[in-house]
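For reference, the chains in residue letters:
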Amino acid sequence: MQIISITPNNLDHEHICCAIGNDKENTRRTQTKKDWLKGRFAEGLVFKRLDARGKVFIEYMPIERVWKPLVGQNFMVINCLWVSGQFKGQGYSKQLLQECLTNARAAGMDGVAVVTSSKVKPFLTDKKFYLNQGFATVDTAPPYFELLALRFKLDAPAPRFAEHIKTGSTHIDKKGFTFVFSNQCPFMEDYGGRIYAEMAQKQGFETQVIHLKNYAAAQRYGSPFGTFGLWFDGIFQFHELMTEAKFEQFLDSIQ
């Protein structure tokens, strides 16, 4: 099997891995992701996947237009590298990463960066994988985020988290819950933008939803994960997409 690129020319008839079911719900969710991708290709986003029906893909884009609160120049940033199910353990993660490294070098970039975490967290590739491929930690941000980079030029300035993320002085200070999401993930409009907020409202919490529509807003309001972030009384809580039952338990813990 080979790695293929998803482009504006084939996007409409290719699957994009994240939601590959044929039911109406997954079809609708997939379309939100595809609509998001259509606006990002011109910004330098690259989406590559295995030519198979499964969740085996990598997505990356230049740091200047990345949908995360990162600061830097001339680095490529990996949004997501995901290999799941029967495809694990076959070297596809390394192969997909190599695609990114090759593209970044060909574009004359100074390196590649990725957001991970100090401990294994859902939806964030284990940092050990990147460390084994030559990446090194260049910055951290509370409560558990780490920024790793592989520099092609050792004297190149390292990318970093935006200062407001590192100090905790975010632009989100509303009382109650603030849900921040983008359509970079096909599930976030339902969960991050509606379901979680409705559940919190039913328990009497004040809520605010911020739907990120461009990279400038994502760099200002987004979490280091980028796709989703939850704040309570202005303090970051987590980036995780979780089941409704688990989120209900979280709400109970806040009471």
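The structure under discussion appears in the preceding block.
Below is a summary of the structure that appears in this document. (Residues numbered from 1 in each chain as written. Predicted model: local features only at pLDDT ≥ 70, side-chain atom pairs only at ≥ 80, totals over all residues. Heavy atoms only, no water.)

Considering the sheet that holds strand E8 (residues 145-151)
Heads up, the condition is: At least two bridges found by DSSP between two strands is the condition for calling them paired. In this text, helices come from DSSP runs of H or I with a minimum length of four residues, and strands from runs of E with a minimum of two, each type numbered from the N-terminal end. The axes are straight lines fitted to the C-alpha atoms, using for helices just the contacting stretch, and the angles between their N-to-C directions are given from 0 to 180°. Any two residues having at least one pair of non-hydrogen atoms within 4.5 Å are treated as being in contact.
Spatial strand order, E1-E2-E3-E5-E6-E8-E7: seven strands in an open sheet with mixed pairing. Each having just a single partner strand, strand E1 (3-6) and strand E7 (136-141) make up the two edges of the open sheet. Ignoring which end each strand starts from, the neighbouring axes of this sheet average 25° apart. Relative to strand E6 (residues 111-117), strand E5 (residues 75-83) is paired through four bridges, and the arrangement is parallel. Note that in E6 the partner of Ile78 across the bridge is Val114. The strands that helix H1 (residues 24-40) touches are strand E2 (46-50), strand E3 (56-62) and E5; relative to E3, the one it contacts most, it runs at about 35°.

Here's the deal with the pairing of E6
Under the convention used in this document: Partly exposed describes any residue whose relative accessible area lies between the buried limit of under 20% and the exposed limit of over 50%, with all areas from a 1.4 Å probe on protein chains only and scaled to the type maximum. Assignment of crossover handedness uses the view with strands pointing away from the viewer, where a clockwise path from the first strand over the helix to the second indicates a right-handed crossover.
Counted residue by residue, E6 has seven buried out of seven residues, so it is predominantly covered. Residues Gly111, Ala113, Val115 and Ser117 of E6 are buried on one face, and the alternating residues Val112, Val114 and Thr116, pointing to the opposite face, are buried as well. Between the parallel elements E5 and E6, the chain passes through helix H2 (residues 92-106) in a crossover that is right-handed. The pairing of E6 with E8 spans seven bridges and is classified as antiparallel.

Quick notes on helix H5 (residues 191-202)
Buried within H5 we find Tyr191, Gly192, Ile195, Tyr196, Ala197, Met199 and Ala200. Looking at the buried side of H5, the elements it contacts are H1, strand E10 (177-181), strand E11 (207-211), strand E12 (228-232) and helix H7 (244-254). Directly after H5, the chain includes Gly204, whose backbone phi takes a positive value near 90°.

Let's talk about the pattern of salt bridges
Put simply, the rule reads: Here a salt bridge means any side-chain nitrogen of Lys or Arg lying within 4 Å of a carboxyl oxygen belonging to Asp or Glu.
Taken as a whole, this structure holds 13 salt bridges when the rule is applied. Arg49 is the partner of Glu14 in a salt bridge, and the nearest nitrogen-oxygen pair spans 2.3 Å. Of this pair, Glu14 sits in the loop between E1 and H1 while Arg49 is found in strand E2, placing the two residues 35 residues apart along the sequence. Comparing Glu14 with Arg49 shows no difference in burial state: the two are buried.

Comments concerning the environment of Cys80
Here Cys80 shows up in strand E5. Sequence-wise, Cys80 and Thr125 are 45 residues apart; in three dimensions their C-alpha atoms are separated by 8.0 Å.

Here's the deal with H7
Stated precisely, the cut-off is as follows: Summarising the geometry, the arc corresponds to the directions from the helix axis toward the C-beta atoms.
Along H7, the positions that sit buried rather than exposed are Phe247, Phe250 and Leu251. Each buried residue of H7 lies within a common arc of 100° when the element is viewed along its axis, so the set occupies one face. Structural note: H7 exposes Ala245, Gln249 and Ser253 on the side pointing more than 90 degrees away from its buried face. Residues of H7 that are buried sit in contact with E10, H5, E12 and strand E13 (235-238).

Things to note about the packing of H5 against H7
Rules: Should an angle fall under 35 degrees it is called roughly parallel, over 145 degrees roughly antiparallel, and 65 to 115 degrees roughly perpendicular, with every other angle called oblique. We call a crossing left-handed when the near helix sits turned anticlockwise from the far one by less than a right angle, and right-handed when that turn is clockwise.
In the contact formed by H5 and H7, the axes pass within 10 Å of each other and the chain directions differ by 50°. The angle between the axes of H5 and H7 places the two elements in the oblique class. Relative to H7, H5 is oriented so that their crossing is right-handed. Between H5, through Tyr191, Ile195, Tyr196, Met199 and Ala200, and H7, the contact on the second element is made entirely by Glu244, Phe247, Glu248 and Leu251.

A few points about the sheet that holds E11
Across the sheet, which stays open at both edges, the four strands sit in the order E11-E10-E12-E13 with mixed pairing between neighbours. The sheet terminates laterally at E11 and E13, the two strands that pair on one side only. The average undirected angle you get between the axes of adjacent strands in this sheet is 25°. Sheet analysis places E12 next to E13, joined by three bridges and oriented antiparallel. From the neighbouring strand, Leu230 faces E13, where its bridge partner is Phe238. The sheet contacts of H5 involve E10, E11 and E12, and relative to E10 the element is tilted by about 170°. Docked against the sheet, H7 engages E10, E12 and E13, running at close to 145° with respect to E10.

Concerning unusual backbone geometry
Put simply, Pro142 and Pro143 share a cis peptide bond, and its omega is 0°. Along the chain, Pro143 turns up in the loop between E7 and E8. Positive phi, close to 70°, is recorded for Phe123, a residue that is not glycine. Classification of Phe123 as partly exposed rests on a relative accessible area of 44%.

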